[in-house]
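A closer look at the structure
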Amino acid sequence: MARLLTPLPDAEVADLLARLDAGESGREVLKPLVKHFLAVLAQRSPGRSVEVRVPPYSAVQCIEGARHTRGTPPAVVETDALTWIGLARGTLEWADASVRASGERSDLSPHLPLT
């Protein structure tokens, strides 16, 4: 079974976001932010009906609904790191984001932003 993600402490998130806002966009900034916001999403919207993927950093299953045990879940959302962070922060709207989403419950707009 996959290891559960844990949100970062507020001070660490603030530092990483400040670095991102200052123009740093390397793996050392993006990876922890992606994992943090995926962890927050999974905590706030628990379930296993939607898989949110942000390759190559991480993925989570979330949102109540039809449960799956093998293979691809009923709904999949996939995007890049900067888009995910923008959605999570509320600096990017779901309708304006470049996201591949399929299946029931794949519209995450009711669950965003996460800050």
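Located above this text is the structure these notes cover.
Let us look at helix α1 (residues 10–21). The first and last C-alpha atoms of α1 sit 16 Å apart over 12 residues, in line with the 16 Å expected at 1.5 Å per residue. All buried positions along α1 are accounted for by V13, L16, L17 and L20. Projection of α1 onto a plane perpendicular to its axis shows the buried side chains occupying an angular sector of 100 degrees, all on one side. Among the structural elements, α2 (27–44) and α3 (81–89) are those in contact with the buried residues of α1. One or two residues past the end of α1 sits G23, with phi positive at roughly 110 degrees.

A few words now on the pattern of salt bridges. Under the counting rule described, the total for this entry stands at six salt bridges. For D21, the salt bridge goes to R89, with nearest N and O atoms at 2.8 Å. Here R89 lies in helix α3 and D21 lies in helix α1, a separation of 68 residues in the sequence. On the accessibility criterion, D21 (54% relative accessible area) is exposed. Using a relative accessible area of 24% as the deciding quantity, one classes R89 as partly exposed. Between R53 and E78 there is a salt bridge, with its nearest N and O atoms 4.0 Å apart. Here R53, found in strand β1 (residues 50–54), pairs with E78, found in strand β3 (residues 75–78); they are 25 residues apart in sequence, far enough to count as distant.

Let us look at the side chain of S106. Along the chain, S106 turns up in the segment after β4 (100–102). Here S106 falls in the buried class, since its relative accessible area comes to 10%. In this structure the side chain of S106 is engaged in a polar contact, spanning 2.8 Å, whose partner is the backbone oxygen of G103.

Right, let's talk about α3 for a bit. Within α3, seven of the nine residues are buried, which leaves it mostly tucked inside the rest of the structure. Turning to α3, its buried residues are A81, T83, W84, I85, G86, L87 and A88. Structurally, α3 contributes buried residues whose contacts are with α1, α2 and β1. Between a side-chain oxygen at the N-terminus of α3 and the backbone nitrogen of L82 the separation is 3.2 Å; the capping residue is D80. Phi turns positive, to about 90 degrees, at G90, one or two residues after α3.

Cut-off values and rules
Residues numbered from 1 in each chain as written. Predicted model: local features only at pLDDT ≥ 70, side-chain atom pairs only at ≥ 80, totals over all residues. Heavy atoms only, no water. Helix = DSSP H or I, 4+ residues; strand = E, 2+ residues; numbered from the N terminus. Expected span 1.5 Å × (residues − 1). Buried < 20%, exposed > 50% of the residue type's maximum accessible area, 1.4 Å probe, protein only. Arc of directions from axis to C-beta. Contact = heavy atoms within 4.5 Å. Salt bridge = Lys/Arg side-chain N within 4 Å of Asp/Glu carboxyl O. Polar contact = N/O pair within 3.5 Å; in protein donor to acceptor, adjacent residues only side chain to side chain.

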